[in-house]
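Descriptive analysis of the structure
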Amino acid sequence: MSTITFAQATLDAMTEEMARDERVFVMGEDIARQGGIFGQFKGLADRFGTGRVMDTPISETAIVGACIGSALAGMRPVADMHFADFIGVCFDEVLNQMAKIYYMFGGQKSIPMVLRAPDGLVNQAAAQHSQSLEAFFLHIPGLKVVAPSNPADAKGLLKSAIRDDNPVIYFEHKALFSTKGEVPDGDHLVPIGRANVVRKGSDVTLVSYSMTMNHCVKAAEILAGEGIDVELIDLRTISPLDVGTILESVARTTRLVIAHEAVKQGGVGAELAAIVAEEAIDCLDAPIVRVGAPFTPVPFARPLERAYRVTPEKIAEAVRSVM
Amino acid sequence: MCAKAARGGEGTSPSKYGKELLAGFYRTMTTIRHFEQTVEKCFLEGEIPGFVHLYIGEEAVAAGVMANLRDSDYIQSTHRGHGHAIAKGADLKRMMAEIFGKSTGSCKGKGGSMHIADFGVGMLGANGVVGGGFTIATGAALAHKMQGTDGVAVAFFGDGASNRGTFHEAANMAAAWGLPVIFVCENNKWASTTPYRTTTSVDHIADRAAGYGMPGVVVDGNDVFAVYEGARSLVERARRGEGPALLECKTYRIKGHFVGDPEKYRTKEEVRKVFEETDPIPRFESAVVKARALTRKELDAIDGEAREAVRLALEFARTSPEPEESALFEGLYV
């Protein structure tokens with residue numbers, strides 16, 4: 001075990017996978033010379049050269065398209081989106097090319113590609129640099145979507161994503177980059193498609209992922225002081241969802257709260273709530289409650305952003321409402 | 001002052017080429033023509049579902065460009081892609097079966113006409129999104145460069161697609177990185193139902209190449225020799241590591257945008273006149289016969305073989321089974 005930042009954990013994952021497989025390379029804006037805007041690529045070009053760590057033009061469409069093309073020709077590309085918000089620029093390449101090619105061409109060639117997408121609220125970056133967009137991609141067959149909440153998962157999921165033969169979108173919360181945590185030494189892999197029961201509990205199931213998972217941990221501590229025993233599940237993977245782990249938990253706790261930073265309407269929580277309602281409504285002793293952002297763009301001013309944020313207090317309040 | 005694209009490939013005599021190359025041009029063009037005529041007929045009779053976009057009249061472009069490529073070179077095709085696939089060497093039977101939506105199709109019936117791919121011969125796929133192929137071909141060229149081969153990638157696109165932002169991003173990236181990609185514009189004068197000059201700022205798409213610091217060459221796209229020569233110099237250049245280029249092939253879309261297009265935007269007379277005057281196949285026939293490079297008899301033999309190959313492909317498609325419903329869930333993830 002070593003205690004490192006989330007950014008360092010992603011860098012270790014990149015370094016190990018690039019050393020392991022010469023087909024792996026990465027391209028994006030400001031990653032080679034500058035080392036990434038969050039330091040997540042620092043020194044990578046020194047180690048592997050600018051032929052494998054490539055500064056691109058500001059051309060998100062060409063970045064994703066070229067990565068797809070290189071994957072079709074035998075490479076295993078990693079594309080950095082700078083900010084997850086900019087996937088909007090290259091949505092066709094994600095929706096109609098990257099997600100479709102394997103199925104649409106009858107399985108002739110898969111796209112072993114990772115799209116790294118730094119998302120979420122940080123430093124009051126406002127409407128176009130703060131979003132959590134994972135729900136869009138939960139809706140697209142052919143993609144895998146992961147969202148680590150801590151440095152160990154950041155490393156393990158990124159390594160698994162790079163080794164996966166399918167296109168994977170890797171959401172990495174910008175506020176997490178500087179956070180520290182223990183990461184197992186050696187070849188640490190976290191399987192895609194499996195949720196993690198972080199805390200066993202008997203009264204209520206609380207499901208989350210990414211940055212909000214850390215708020216849930218705090219909420220569970222607050223609630224423990226009030227005698228509410230929370231079972232905490234970190235989804236880790238948004239698509240494919242680990243439905244089994246959720247259903248098994250809800251069957252025991254009979255209560256479900258889902259929390260995420262993304263807009264509540266049409267979010268991951270909506271899908272999970274619908275699945276549990278379809279599969280296990282007889283198990284429930286209370287309505288399913290979702291905690292998410294209000295249905296507005298991310299605002300700039302401090303009081304507005306504060307009102308927008310999902311916090312441990314808001315999550316704790318939602319849990320109390322189902323007890 | 002606008003830098004004008006070079007014109008290339010004119011005045012070439014067929015007699016300078018070997019018989020094998022000439023026969024190859026003809027086989028490719030006639031195979032495409034028979035294939036497309038068959039597809040049109042079967043679509044109109046209700047045998048083929050979905051949408052089909054025919055390549056009739058543009059055969060010289062695919063034949064001329066692809067004669068410069070190897071199996072290990074890549075192409076990105078378009079919604080009007082049957083001709084590209086055939087010229088690149090895709091299997092006719094599996095192509096036709098795909099267009100019929102059969103389980104034996106090149107994409108197991110998952111793609112259809114707009115999504116034919118044949119990775120075995122470097123055909124990285126047709127693309128239902130106009131302008132979707134520029135960046136993908138650029139990436140395939142990048143892979144060639146990273147892998148240290150002298151392979152190239154070709155992105156086919158139409159005059160309509162030249163107005164997509166993807167063109168700009170791919171052209172700039174390819175030129176900035178010196179990638180071995182050739183952007184081949186099939187300027188067939190029609191962007192779906194819109195005459196291209198009403199929505200495009202330049203007469204020649206190839207003029208735009210200067211803006212990216214790459215060569216732009218205009219050729220008569222209905223003259224297979226002109227296309228071949230134009231593509232040859234640009235492909236060789238790319239193989240030598242001298243970077244991307246743009247080849248514009250002036251042609252004309254003889255058929256509607258799709259089969260069934262009522263074509264209210266032009267007259268039948270206009271189309272008939274253009275076809276009579278510029279159809280690349282009779283032009284090739286008279287040129288080679290006049291130059292005594294191939295005889296009528298030799299041409300007829302090739303044409304007969306092409307016709308038979310298409311007949312067999314049709315029979316294969318018709319007699320192949322449709323996919324089982326269970327195939328719906330197959331091949332979504334590896």
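A brief look at the structure comes next. Every value quoted in this text rests on a predicted model; they were computed, and no experiment measured them. Per-chain numbering applies: the sequence of each chain, read as written, is numbered from 1 onward. Each chain takes a letter, starting from A, and each ligand takes a number, starting from 1, following the order in which they are written. Local features in a predicted model are, by the rule used here, given only for residues with pLDDT of at least 70; side-chain atom pairs are given and counted only at 80 or more, and totals for whole chains, interfaces and linings are based on all residues. To get the side-chain values, all heavy atoms of the structure are used, and hydrogens and water are removed first.

Focus on the packing of aromatic side chains
- When two rings of Phe, Tyr or Trp (its six-membered ring) have centres within 6.5 Å they constitute a pair, described as stacked for plane angles under 30 degrees, edge-to-face for angles over 60, and tilted for the intermediate range. The tally for this structure, following the rule as stated, stands at 24 aromatic pairs over all chains.
- For the pair B:Phe167 and B:Phe183, a centre-to-centre distance of 6.4 Å together with 70° between the ring planes defines the contact as edge-to-face. In this pair, B:Phe167 sits in helix α6 (residues 165–177) while B:Phe183 sits in strand β4 (residues 181–187), placing the two residues 16 residues apart along the sequence.
- For B:Phe167, a relative accessible area of 3% gives the class buried.
- A relative accessible area of 0% means that B:Phe183 is categorised as buried.
- Chaining the aromatic ring pairs together yields one cluster made of B:Tyr17, B:Phe25, B:Tyr26, B:Phe225, B:Tyr228 and B:Phe284.
- Above the face of the A:Tyr103 ring, B:Lys110 is positioned so that its terminal group lies 4.3 Å from the ring centre. Secondary structure counts use DSSP, requiring at least four H or I residues in a row for a helix and at least two E residues in a row for a strand, with both numbered from the N terminus. Burial classes: relative accessible area under 20% of the type maximum marks a residue as buried, over 50% as exposed, and values in between as partly exposed (1.4 Å probe, protein chains only). Geometrically, a lysine NZ or arginine CZ counts as sitting over a ring once it is within 6 Å of the ring centre and also within 35 degrees of the ring normal.

Describing the packing of helix α1 (residues 6–20) of chain A against helix α7 (residues 151–163) of chain A
Residue and element names in this part refer to chain A.
- Packing of α1 against α7 leaves a shortest axis separation of 8 Å and a crossing angle of 30°. It follows from the interaxial angle that α1 and α7 lie roughly parallel. Here α1 and α7 pass one another in a crossing that is right-handed. Contact with α1, carried on its side by Phe6, Ala9, Thr10, Asp12, Ala13, Met14, Glu16, Glu17 and Arg20, involves Pro151, Ala154, Lys155, Leu158, Lys159, Ile162 and Arg163 of α7 and no other residues of that element.
- As a working rule, the residues Ala, Val, Leu, Ile, Met, Phe, Trp, Tyr, Cys and Pro are called nonpolar, Asp, Glu, Lys and Arg charged, and the rest polar, with Gly in that last group. Here the residues of the contact of α1 with α7 are counted per class, giving 8 nonpolar, 1 polar and 7 charged. Orientation is described by lines fitted to C-alpha atoms, with helices fitted over the stretch in contact, and by angles between N-to-C directions that extend from 0 to 180 degrees. Each angle is binned into one of four classes, with values under 35 degrees roughly parallel, values over 145 roughly antiparallel, values of 65 to 115 roughly perpendicular, and all other values oblique. Should the near helix be turned anticlockwise from the far one by less than a right angle, the crossing is left-handed, and should it be turned clockwise, the crossing is right-handed. Any two residues whose heavy atoms approach within 4.5 Å at even a single point are treated as in contact.

Side note on the nonpolar core
- Core analysis: the biggest nonpolar cluster contains 89 residues, and A:Met27, A:Met98, A:Leu115, A:Phe137 and B:Phe183 have the highest contact counts within it.
- Broken down by element, the residue count for this core peaks at 8 residues, all from helix α3 (residues 60–72) of chain A.
- Here this core spans two domains, and each of domain 1 (2–183) and domain 2 (196–322) of chain A adds at least three residues to it.
- Each residue touching A:Phe137, except ones within four places of it in the same chain, is listed here: A:Ile87, A:Phe91, A:Val94, A:Leu143, A:Val145, A:Ile169 and A:Phe171. For the purposes of this section, nonpolar cores are sets of buried Ala, Val, Leu, Ile, Met, Phe, Trp, Tyr and Cys residues that join through side-chain atoms within 4.5 Å. All the domain ranges listed were derived from an automatic or database domain assignment.

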